[in-house]
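Residue strings, one per chain:
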Amino acid sequence: FRLSSLIGHISTCPSLIGQCCQRHPGSVDEFQEELVIRPLHSGDIYASFQFRTLWDTDFLQEGQKVSHYRLFPKSLGQVLSKFSVRELHISFTQGFWRTMQWGQPFIPSPPGAELWVWFHDTVSDVDGNWKELTNVLSGIFCASLNFIDLTNTVQPSASFKPLGLGNATDHRFLRYATLPREIVCTENLTPWKKLLPCGSKAGLAVLLKSEKLFHSSFHSQAVHIRPVCQDEQCTSKAWELRQTLNVVFDLYTAGQGKKEWSLFKMFSRTLTEACPLATSSKVYVDITDNPELFELSPATPLLSQAVVLGDRRTYSVYDLSRAETFGQLRSLNLLLRWKGDGEMLRPLLHAERYVAGFGLQTGEIHTVIYNNHPYRAFPVLLMDSVPWYLQLYIHTLTVTSKSRDNKPSYIHYQPAKDRHRPHLLEMLIQLPPHSMTEVTVQFERALLKWTEYTPDPNHGFYVGSSVVSALVPSMVAMNTNFTQDQPLFSSFVPVKEESSYFVRVYTEPLLVNLPTPDFSMPYNVICLTCTVVAVGYGSFYNLLTRTFQVDEPSLPLAKRLANLIRRIRGVPLLT
Amino acid sequence: MAAPLTLLLIVAVTIRAVLFRSSWAELISERVEVVSPLNAWKRVVEGLALLDLGVSPYSGDVFHEVSLSLIHFLFKSILGSDGITAVALYLSIQTYNKNVFRKQKYALESDRYPADCLELLRSPKEMFYIPLKVAMFYLLNPFTILSCVAKSTCGLNNAIIALFILCTLKGSALLSGILLALATYQSIYPLTLFAPALLFFLQRLYIPVNLRRSSFWFFTLQYAFIYVGSLVVITGLSFFLLGSWDFIPSVYGFIFSVPDLTPNIGLFWYFFAEMFEHFRLFFICVFQINVFFYTIPLSIKLKEHPVFLIFMQIAIISIFKSYPTVGDVALYMAFLPAWSHLYRFLRNIFLVSCVLLACSALFPVLWHLWIYAGSANSNFYYAITLLFNFGQILLVSDYFYAYLRREHHLTHGLYLKKKDGTEATLVLK
């Protein structure tokens, strides 16, 4: 029962999604942008950009080819129609989100690149479409997504349900892959910025300067495309494109140790105007801990309250479409100055992962999940995708909570096929309140062919992050009624019930060493092994084809020549 | 002779039980020299766990055993398979000795031996303790003990082959065919034992090995029919058990195409780890043909001596198979006391025994240095592999040489002289 509610929670709920996306009737596409700034208790600051384009057209309709693109980027639109994509989520992340220090992010993402796609039911060859799609996206985002192939793609059965419209239960149309080794740099940011309607010339996107953005502890840019309802009755569909960028600036590296942040200090730019194509352009600053913790200037009369991530937060709103926001200088530079230290709200769900063991033969993967709720237990869905060269032994899987065995109620395991597909392990685990649950599984490391190693084999091989998805009980009643003016950051994940909110936590990726052969030796090995085989062959050949004979000494050379002449003459031979 | 054999069995079981209970059992079952991806017990448990989870054990790449064994394992008494092998070898060598002595008596009566080679003849007194020695060589061989404590299914394979030898020597073609089919079903290489078994039956039934004779073909087809028929039946049974043909690529495809490069004591792993992709198929074919290819020439040369041929075939399989373990080595080493009369003609026995002992000691050392200490690399372990296989090849060819030489002396006399009357040396020409 709990399983079905968890797994089915973000499947279709047309009325709710429709409510979140009510727009002015008659407009074809619209664009909204927002920036949320949340000061963190450790002195760091978290900025989250969201750019949303809504367009009521149907890419997947037969016979109707979309040709006139305005706000929606043409490259993505063509990708959607060519590969019959229903939902696309791609993220590029540099750094690891520290849940214990920073709380929960608005949009979680694992280190490296992550891509998960729901294809339309009409697709006959999903693997072929997936392969082409990854290559096309690799070109669009200037990333090496072409390394995604069948050896690192999985089809999760329960962890990644569609976030948009769709009654999807057949996970044959879902593909998920991560590249933990992928590095994110300016080359990836530039094409991402180009997808925005205003580019990086007006609106909030002017803040996205790469020198400052990459000088941070955590940086994640993502693109989320999904179909949503246009109105409450869901009579027609619209496509929603969300481009999100999360960045956390470190107190010491970017902030020079002073607990004082401003837009100029973070981004080396200030805001001068809203994007003219945007219907709404807002900056939200989380002032729930104001005035004890920090002070914010310039002051703004607009306030907004939102329940997000199980907590009721208050935000100061700066509406960039109103001229008075920019003041006399025609530029908006927010300034936050810390006054004291405060206590952090401990995140209710948190996970860690590490490899135990020594040597290059075996090892053990430990995943530790913390439930910090004082009295409520809730189930979590843990998804692990382990490459095929780490052979998991599922009979060694143990799940312990509070030093007692905790058997998962649902296990979906697909073992790996060498060089074809990775392991996929999904489990539904009930976490007792205020406890630590440890999941361990043993693995053996394989010796690969010498051409299958990366150029730096002793660096190790990456194992993608585990995904922990859960409906966490909320301290505060979540808002299930969606209004038109709801900020974007609270409408990303649709909320189905009041008492819980959806959280996805990614663990650390693992770095595992494999035993390596000596790469300088192919010729030597072939020679030596063939020599030993030839020794065997030679001895047997001799013994099989030759017979024992008495060893008679042979005649000296002179006598042999004489015998030759004698044979010609027909005369008896010498002995 | 029952009492010493029983005593031996008790001692062997005690040693295994003691090791089994100690902390060494865990360590031994992880050793790559003792278990391979084909016969590790850990993988059998994994296969059963996958079956529990509702996933086919062959859908992954971790389980490579045949399915009939799946059920069998539940009842298999692991300590028992060694006992079965030892008793079967004991009885077969006893039968073989009786045969040898009988043939020798007939040859002596018909005056076939030259006068000076009487010291080469074997006496019952010398042959009396050989079956017990054979059983002892098998049971107390450290390789066998390690293989048994690790619960490797190699012990099961050895037991089936030993039973097959016993049935062949006792003259039961039906049972021998069925057991050979069972052994082939588990790992394909015992296929080569078809030829020596056939030769033994032909010899026993006094059918001359002449390709133009109809009696030869008649019996060959009978035996082949029993063998192939039981193989088909067993394969069909396993299909019905698991409901799919998945196990064929997973077991036989795995044995032939060697996708798993886990280090072992054989020659395949490093060779194919360092192989250029372009030539991989070619060398796989070469290496696999190498196992089967000695059957015909050896059968032609040793058609009068099928039991020695069985020994040679088992040795060749153990050396050149794709995933050898020490359990396979132990099986052919158990036969060595049966050829103890060849000692005087062995040329390299000291060298070979030193090499094999040294390599057995160095295997764990260099593995530790490579995998755990990180101060050696894979080349060290590979070198010892090469040396170990070289030592085995030398051992087998040495025994072959000694056997052929004894046969030569039995027909031409022991003390040979050159044309001028001086003492001669014998060479292979």
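Notes on the structure follow. Note that the structure is a prediction, hence the values are computed from the model and not measured. (Residues numbered from 1 in each chain as written. Chains lettered and ligands numbered in written order. Predicted model: local features only at pLDDT ≥ 70, side-chain atom pairs only at ≥ 80, totals over all residues. Heavy atoms only, no water.)

A closer look at the overall build of chain B
In terms of regular secondary structure, chain B is built from 20 helices and 1 strand. The C-alpha atoms of chain B give a radius of gyration of 23 Å, which matches the 22 Å a tight globule of 429 residues would have. Taking the principal axes of the C-alpha coordinates as reference, chain B spans close to 75 × 55 × 55 Å. Burial statistics for chain B: of 429 residues in total, 58% are counted as buried. Of the contacts formed within chain B by residues at least 6 apart in sequence, a portion of 76% connects residues at least 24 apart. With an accessible surface of roughly 18,000 Å², chain B has 71% of that area assigned to carbon and sulfur atoms. Side-chain charges in chain B split into 31 positive and 23 negative, and the spacing between the mean points of these groups amounts to 11 Å. (Helix = DSSP H or I, 4+ residues; strand = E, 2+ residues; numbered from the N terminus. Rg over C-alpha atoms; globule rule 2.2 N^0.38 Å. Buried < 20%, exposed > 50% of the residue type's maximum accessible area, 1.4 Å probe, protein only. Contact = heavy atoms within 4.5 Å. Areas by Shrake-Rupley, 256 points an atom, 1.4 Å probe, with all protein chains shown as cover. Lys, Arg positive; Asp, Glu negative; His and termini not counted. Charge placed at Lys NZ, Arg CZ, Asp CG, Glu CD.)

Let's talk about helix α8 (residues 142-149) of chain B
For α8(B), the buried fraction is high: 6 of the 8 residues fall into the buried class. Within α8(B) the residues assigned to the buried category are F143(B), T144(B), I145(B), S147(B), C148(B) and V149(B).

Considerations on the interface of chain A and chain B
Facing 55 residues of chain A, the contacting portion of chain B comprises 70 residues. At the boundary of chain A with chain B, total buried surface from both sides reaches about 5,900 Å², with 65% on carbon and sulfur atoms. Contact with chain B buries surface across chain A, with F540(A), L543(A) and F548(A) losing the most and accounting together for 15% of the total. Summed over the shared surface of chain A and chain B, the result is 3 salt bridges. Measuring nitrogen to oxygen at the nearest pair gives 3.8 Å for the salt bridge that ties E444(A) to K42(B). Here chain A and chain B share 23 residue pairs in polar contact (both at pLDDT 80 or more) between them. At the level of elements, β18 (390-401), β20 (410-414), β22 (435-445), α9 (522-545) and β27 (548-550) of chain A are the ones that each hand at least two residues to the side of chain A that touches chain B. (Buried area = accessible area lost by both parts, 1.4 Å probe. Salt bridge = Lys/Arg side-chain N within 4 Å of Asp/Glu carboxyl O. Polar contact = N/O pair within 3.5 Å; in protein donor to acceptor, adjacent residues only side chain to side chain.)

Examining the sheet that holds strand β19 (residues 404-405) of chain A
What the 5 strands build is an open sheet, ordered β15-β16-β22-β18-β19 (chain A); its pairing is antiparallel. Of all strands in the sheet, those with a lone pairing partner are β15 (349-356) and β19 of chain A, marking the two edges. Relative to β22(A), strand β16 (residues 362-371) of chain A runs antiparallel, the two sharing 10 bridges. Bridging across to β22(A), N371(A) finds its partner in S435(A). Across the sheet, helix α3 (residues 41-52) of chain B lies against β18 and β22 of chain A, angled at about 65° from β18(A), the strand it touches most. (Pairing = 2+ DSSP bridges. Axes fitted to C-alpha atoms, helices over the stretch in contact; angles between N-to-C directions.)

A few points about the sheet that holds strand β14 (residues 335-338) of chain A
All names here are of chain A. An order of β9-β14-β11 is seen for the 3 strands of this open sheet, with the pairing classed as antiparallel. Both outer strands of the open sheet, β9 (260-262) and β11 (294-297), are each paired with one neighbouring strand and no more. Between one strand axis and the next, the sheet turns by 10° as a mean value, whatever way the strands run. Bridging between β11 and β14 involves 4 bridges; their strand directions are antiparallel. Bridge assignment links S297 to a residue of β14, and that residue is L335.

With respect to the pattern of salt bridges
Side-chain pairs of opposite charge can arise where the charged atoms are in close proximity. All names here are of chain A. With the rule as written, the count across this model stands at 25 salt bridges over all chains. One salt bridge in this structure joins D384 and R353, with 2.6 Å as the shortest N-O distance. With D384 in strand β17 (residues 378-386) and R353 in strand β15, the pair connects residues that are 31 residues apart, well separated along the chain. With respect to class, D384 is no different from R353; both count as buried.

Observations regarding the packing of aromatic side chains
By the definition in use, this model includes 74 aromatic pairs over all chains. An angle of 55° between the planes, with centres 5.1 Å apart, marks the rings of F540(A) and Y294(B) as tilted. Taken together, the residues span two chains, with F540(A) in helix α9 and Y294(B) in the loop between α15 (280-292) and α16 (295-301). Taken as a pair, F540(A) and Y294(B) share a single burial class, namely buried. (Phe/Tyr/Trp six-rings, centres within 6.5 Å; stacked < 30°, edge-to-face > 60°.)

Section: the nonpolar core
Residues L349(A) and W339(B) are the most contacted members of the largest nonpolar core, which totals 311 residues. Examining the composition of this core, we find that 16 residues originate from one element, helix α20 (residues 378-412) of chain B, more than from any other. (Core = buried A, V, L, I, M, F, W, Y, C linked by side-chain atoms within 4.5 Å.)

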